[in-house]
Amino acid sequence: MKRPVIVVAALLSVLFVNLCFTSGQDKAAPETAKPNVIIISMDSLRSDHLGCYGYKKPTTPNIDKFAGESLIFDNAIAQASWTLPSNTSLFTGQYSPSHGLLHSVAKLSTEATTIAEVLQTYGYQTAAFTGGFHISSLYGVDQGFDTYFDKIEHGHLEDVQPLALDWLKTASKTDKNFFLFLQAYDCHSPHKVPKEYEHLYDPDYKGVMDNFIMDHSLGDMISGLTLTTEQDDVIQLTEKDINHIIAHYDGAITYADKQLGVFFAELEKMGIPDNTIIIFLSDHGEAHSERGYIIKRKHGELYEEGIKVPLIVRLPSFIKSKIRNPQSEITTQVQLIDLMPTVLDYSDIPAPRSCQGKSIKPVIEGNGPAGFNEFVFSSGATNVTHPPEEKTNAPITPSLSAQPKPGRTVRTPTWQACIRSLEWKLLKFNDAGDTHYELYNLKADPGEKNNLASAKPDITDPLKQRIELWEKEILAVQLTARVDPSLYKQMRERMRQFGYWWLEEDRESEKPPPPA
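Note that the structure is a prediction, hence the values are computed from the model and not measured. (Residues numbered from 1 in each chain as written. Predicted model: local features only at pLDDT ≥ 70, side-chain atom pairs only at ≥ 80, totals over all residues. Heavy atoms only, no water.)

Colleague: For this particular structure, what's the right way to read the nonpolar core?
Modeller: Across soluble globular proteins, nonpolar side chains have a tendency to be buried as a group. If you look at the biggest cluster of nonpolar residues, it comprises 58 residues, and the most contacted ones within it are Phe73, Phe179, Phe181, Ile279, Leu311, Leu315 and Ile364. Broken down by element, the residue count for this core peaks at five residues, all from helix α12 (residues 339–346). Ignoring any residue separated from it by four or fewer positions in sequence, one finds Phe181 in contact with Ile39, Ser41, Asn87, Leu90, Phe91, Ala127, Ala128, Phe129, Thr130, Ile135 and Phe145. (Core = buried A, V, L, I, M, F, W, Y, C linked by side-chain atoms within 4.5 Å. Buried < 20%, exposed > 50% of the residue type's maximum accessible area, 1.4 Å probe, protein only. Helix = DSSP H or I, 4+ residues; strand = E, 2+ residues; numbered from the N terminus. Contact = heavy atoms within 4.5 Å.)

Put into structure tokens, the structure is as follows:
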């Protein structure tokens, strides 16, 4: 009579064990699990000023620790050298001439598809906490975000990070995936940090730089080692003075790193890294007198100091465990526009047709195709033309030939573009129809000092053809970003407040509003 009871008990025991095992698998991450996504974008951060990229100063202990658990990309290239077009490329997976936000008076077309919109469509909670300014929702870049914070102009991590953590505490407790974008201007001039960080890397300095704020107005006064004040006083600088400016920059990086240490620690407390792709990057670099100018508007333009950026990706364990030959460092070239299709790929979501980047998932997993990203591209219009203000919402279009356009009120734009391989880099400059090229061997001349464009026609000419073909292709699918005169007025005033001194009324016809 007791035998059936024993059998039933045994069956219940097996069933209980199986249920527990299955439940444990679900909690860890089933095969169909989609990762959460966090992207941290630090404005104006050069990769060569991080310890994990070989910098000798101890600027980034917390980022370095994060990098030790992640993939480091040695050749990550931004698609523009300033905030608005670069972050818009990150959001849309498109080169800047295609999405159209080349200037600080343009708004993103509603026809554009952002990564936030795609993830939102697939059930993700989406939020962005930014330092505003040139990533303000005024530009239309908030498409697809349930929450988009941009209320603190030129905000730093200490301003936006607590808000992001509060949002995460709620979002991570729901049964829905989340996408968080965190952006701040800690490394962008003016470098406003506590006193102990201002002088952290140059404590004994006494000199002329003590009389200036480290912002773009200072940068525009400096040419080489000559500083010309707004009163036309001429001051001769020394390398010590230039190094002091760079020391301020490093202090700002270290203060940002301290804030990031808090952020990473809070993520660990919430268990977020277990099921989240965390991406750390910068949207562009910074000029440090490599070409005679420093902390100046275009942030190094399309030279390496302007577009070669840090990119560090931490994968959750349920993704890493499936990689047969895990890597810690990847030398393959990667573009910031590749991140959108990569995130979507890991989430089993198709990338929109408008996306011009390529998923780097195969590269991460060690089976990338031969010749992957053999050539990458960046571009920018460094001077700006605006339509007369009565032409509200007039379209704005990059001019590759840089010829004057009817009805324009400000000087002709300068177009820049570059094509880069691991060995060679060709830069194209077009100013008022005058086109010239610069060619550099990045392996022999990483500082881009020796222009070989004339000496190496066998290298220059094929790269010219490639860059011209690329220009045609990206403009063939261009969206119509539009100029909003009221936006121009608002941003002009905001930019003046942050040290863009050439925006005074009597200089408007001479110097257009530059990018951040």
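After that view of the structure, there is still more to cover.
Colleague: Hey, could you run me through the packing of aromatic side chains in this one?
Modeller: Geometry of an aromatic ring pair is reported as the spacing of the ring centres plus the angle between the planes. Taken as a whole and assessed by the stated rule, the structure comprises 15 aromatic pairs. Taken together, the aromatic side chains of Phe91, Phe145, Tyr148, Phe179 and Phe181 make up a single cluster linked through ring pairs. Here the basic side chain of Arg291 rests over the ring of Tyr303, its NZ or CZ set 3.9 Å away from the ring centre. Against the face of Phe372 rests Lys358, its NZ or CZ located 4.7 Å from the ring centre. (Phe/Tyr/Trp six-rings, centres within 6.5 Å; stacked < 30°, edge-to-face > 60°. Lys NZ or Arg CZ within 6 Å of the ring centre and 35° of its normal.)

Colleague: Just checking my understanding: could you explain the pairing of strand β7 (residues 178–184) for this structure?
Modeller: Note on strand geometry: in a regular strand, side chains alternate between the two faces of the sheet. When you tally the buried positions in β7, you get seven out of seven residues, the bulk of the element. Judged by which residues are buried, β7 turns out to be covered on both faces: Phe178, Leu180, Leu182 and Ala184 on one side and Phe179, Phe181 and Gln183 on the other are all buried. Here five bridges tie strand β5 (residues 125–129) to β7, and the two strands are oriented parallel to one another. Bridging across to β7, Thr126 finds its partner in Phe179. (Pairing = 2+ DSSP bridges.)

Colleague: Teacher, can you tell me more about the environment of Ile242 here?
Modeller: By the element assignment, Ile242 lies in helix α9 (residues 239–269). Taking the C-alpha atoms as reference, Ile242 lies 9.4 Å from Gly224; in sequence the two are 18 residues apart.

Colleague: Can you help me understand the environment of Trp470 in this one?
Modeller: Within the secondary structure layout, Trp470 lies in helix α14 (residues 457–476). For the pair Trp470 and Ala417, spaced 53 residues apart in sequence, the C-alpha separation works out to 10.0 Å. The residues touching Trp470, leaving out its near neighbours within four places in the chain, are Tyr95, Phe377, Ser378, Ser379 and Ala417.

Colleague: Even after reading the chapter, I still don't get the sheet that holds strand β12 (residues 308–309), so can you show me in this structure?
Modeller: Think of a sheet as strands paired side by side through backbone hydrogen bonds, with each pair either parallel or antiparallel. Read across the sheet, three strands follow the order β12-β3-β15 without closing on themselves; strand pairing throughout is mixed. Only two strands of the sheet have a single neighbouring strand rather than two, namely β12 and β15 (334–335). Where strand β3 (residues 76–77) lies against β12, two bridges are found, and the strand directions are antiparallel. Paired with Ala76 across the two strands is Val309, which belongs to β12.

Colleague: Can you help me understand the pairing of strand β1 (residues 36–42) in this one?
Modeller: Counting buried positions along β1 gives seven out of seven residues, so the element sits mostly inside the fold. The sheet contact formed by β1 and β7 spans six bridges and is parallel. Each residue of the ladder has a partner; that of Ile38, found in β7, is Leu180.

Colleague: Explain the confidence of the model for the protein here, please?
Modeller: Low-pLDDT portions of the prediction should not be read for the details of their coordinates. Residue-level pLDDT values for the protein average 85, and 82% of them are 70 or greater. Scored below 50 in pLDDT, residues 383–396 makes 54 contacts in the model with residues more than four places away or belonging to other chains. Throughout residues 401–413 the model reports pLDDT below 50, and contacts reaching past four residues in sequence, or to other chains, amount to 38 contacts. (pLDDT = per-residue confidence, 0-100.)

Colleague: Please clarify how the packing of helix α6 (residues 157–171) against α9 should be interpreted in this entry.
Modeller: How two helices pack is summed up by the angle between their axes together with the distance between the axes. One way to put it is that α6 packs onto α9 with a least axis distance of 11 Å and a crossing angle of 5°. In terms of their interaxial angle, α6 and α9 are classed as roughly parallel. Across the interface between the two elements, Leu157, Glu158, Gln161, Leu165, Leu168 and Lys169 of α6 pack against Tyr255, Ala256, Gln259, Leu260, Val262, Phe263, Glu266 and Leu267 of α9. Among the residues forming the contact of α6 with α9, the class breakdown is nine nonpolar, two polar and three charged. (Axes fitted to C-alpha atoms, helices over the stretch in contact; angles between N-to-C directions. Parallel < 35°, antiparallel > 145°, perpendicular 65-115°, else oblique. Nonpolar A, V, L, I, M, F, W, Y, C, P; charged D, E, K, R; others polar.)

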